[in-house]
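Analysis of the macromolecular model
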Amino acid sequence: MAGRVHRLERSPAPVAGGAESCLDAVLEINVGGRVFVTRRSTLAAVRGSRLAHLFGENSPLFLTASRDQNGRVFLDRDADTFAHVLDYLRRAGQLVGEFSRDALARLREDAQHFG
C-alpha cells in the first residue's frame, strides 16, 4: 500500500512543503472491534457530517476522540454497517449492492447517526 498508516495518537501533521496534508493521511480506525484503513479525507468527505467534524482538518474532536488500546479512534457502532457507510463515501455517494430490509434499516440508522 502506498503511503503510511498512522496510528492515531495525535493528528498527522502536514509534510514540509505541503506535499501531504493531514487529510491525505492514511489512518486506521476501530469500529465495533474491527479495524478499517482509509484516508482521513474519505471520512471527512460529507461536509457537516459527524464524521467530517471528527476527522476534518484541524478538528479539535479528533484529538479528544475515544481511542482503543492501540491509539486508533474508536467508534462504538456496528462494523458491518460501517463498512457500507465507508464504501458509500469511497464511491462519492453511491450505494452499491443488494440489502435485506433489516440491513437497510441498520444502514439508515447509521447514516442518520453519522449525518
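The model shown is predicted, which means the values in this text are computed figures rather than measured ones.

Considerations on the overall build of the protein chain
The secondary structure content of the protein chain amounts to five helices and four strands. Going from N to C terminus, the protein chain has its helices and strands arranged as β-β-β-α-α-α-β-α-α. Taking all 115 residues of the protein chain together, 37% fall into the buried category. Put simply, 53% of the contacts in the protein chain that link residues at least 6 apart link residues at least 24 apart. By element, 48% of the accessible surface of the protein chain is carried by carbon and sulfur atoms, the whole surface being about 7,000 Å².

A look at helix α4 (residues 79-90)
Compared with an ideal rise of 1.5 Å per residue, which puts 12 residues at 16 Å, α4 spans 16 Å between its outermost C-alpha atoms and is within 8% of the ideal. For α4, the full list of buried residues reads Ala79, Thr81, Phe82, Val85, Leu86 and Leu89. Across the axial projection of α4, the buried residues extend over an arc of 150°, all falling on one side. The elements touched by buried residues of α4 are β2 (26-31), β3 (34-39), α1 (40-43), α2 (50-55), β4 (73-75) and α5 (101-114). Of the residues one or two after α4, alanine 92 is the one with positive phi, at around 50°.

Thoughts on the confidence of the model for the protein chain
Here the protein chain averages 79 in pLDDT, while 82% of its residues score no lower than 70. Highest mean pLDDT in the protein chain belongs to β3 (95); lowest belongs to strand β1 (residues 5-6) (34). Here residues 1-20 is a poorly scored stretch, pLDDT under 50, and it has 43 contacts once near neighbours within four places are set aside; other chains count.

Topic: a nonpolar patch on the surface
A cluster of nonpolar side chains, Tyr88, Leu95 and Leu104, forms an exposed patch at the surface whose accessible area comes to about 250 Å². Relative to the helices and strands, leucine 95 resides in the loop between α4 and α5.

Details of the packing of α4 against α5
Across the interface, α4 lies against α5 with an axial gap of 9 Å and an inter-helix angle of 65°. The hand of the α4/α5 crossing is right-handed. Mapping the contact onto sequence places Thr81, Phe82, His84 and Val85 in α4 and Arg106, Leu107, Asp110 and Phe114 in α5. Class assignment of the residues belonging to the contact of α4 with α5 gives a composition of four nonpolar, two polar and two charged.

Each value, and the rule that gives it
- Residues numbered from 1 in each chain as written.
- Predicted model: local features only at pLDDT ≥ 70, side-chain atom pairs only at ≥ 80, totals over all residues.
- Heavy atoms only, no water.
- Helix = DSSP H or I, 4+ residues; strand = E, 2+ residues; numbered from the N terminus.
- Buried < 20%, exposed > 50% of the residue type's maximum accessible area, 1.4 Å probe, protein only.
- Contact = heavy atoms within 4.5 Å.
- Areas by Shrake-Rupley, 256 points an atom, 1.4 Å probe, with all protein chains shown as cover.
- Expected span 1.5 Å × (residues − 1).
- Arc of directions from axis to C-beta.
- pLDDT = per-residue confidence, 0-100.
- Patch = residues over 30% accessible without salt bridge, like charges linked within 9 Å, V, L, I, M, F, W, Y side chains within 5 Å.
- Salt bridge = Lys/Arg side-chain N within 4 Å of Asp/Glu carboxyl O.
- Axes fitted to C-alpha atoms, helices over the stretch in contact; angles between N-to-C directions.
- Left-handed = near helix turned anticlockwise from the far one by under 90°.
- Nonpolar A, V, L, I, M, F, W, Y, C, P; charged D, E, K, R; others polar.

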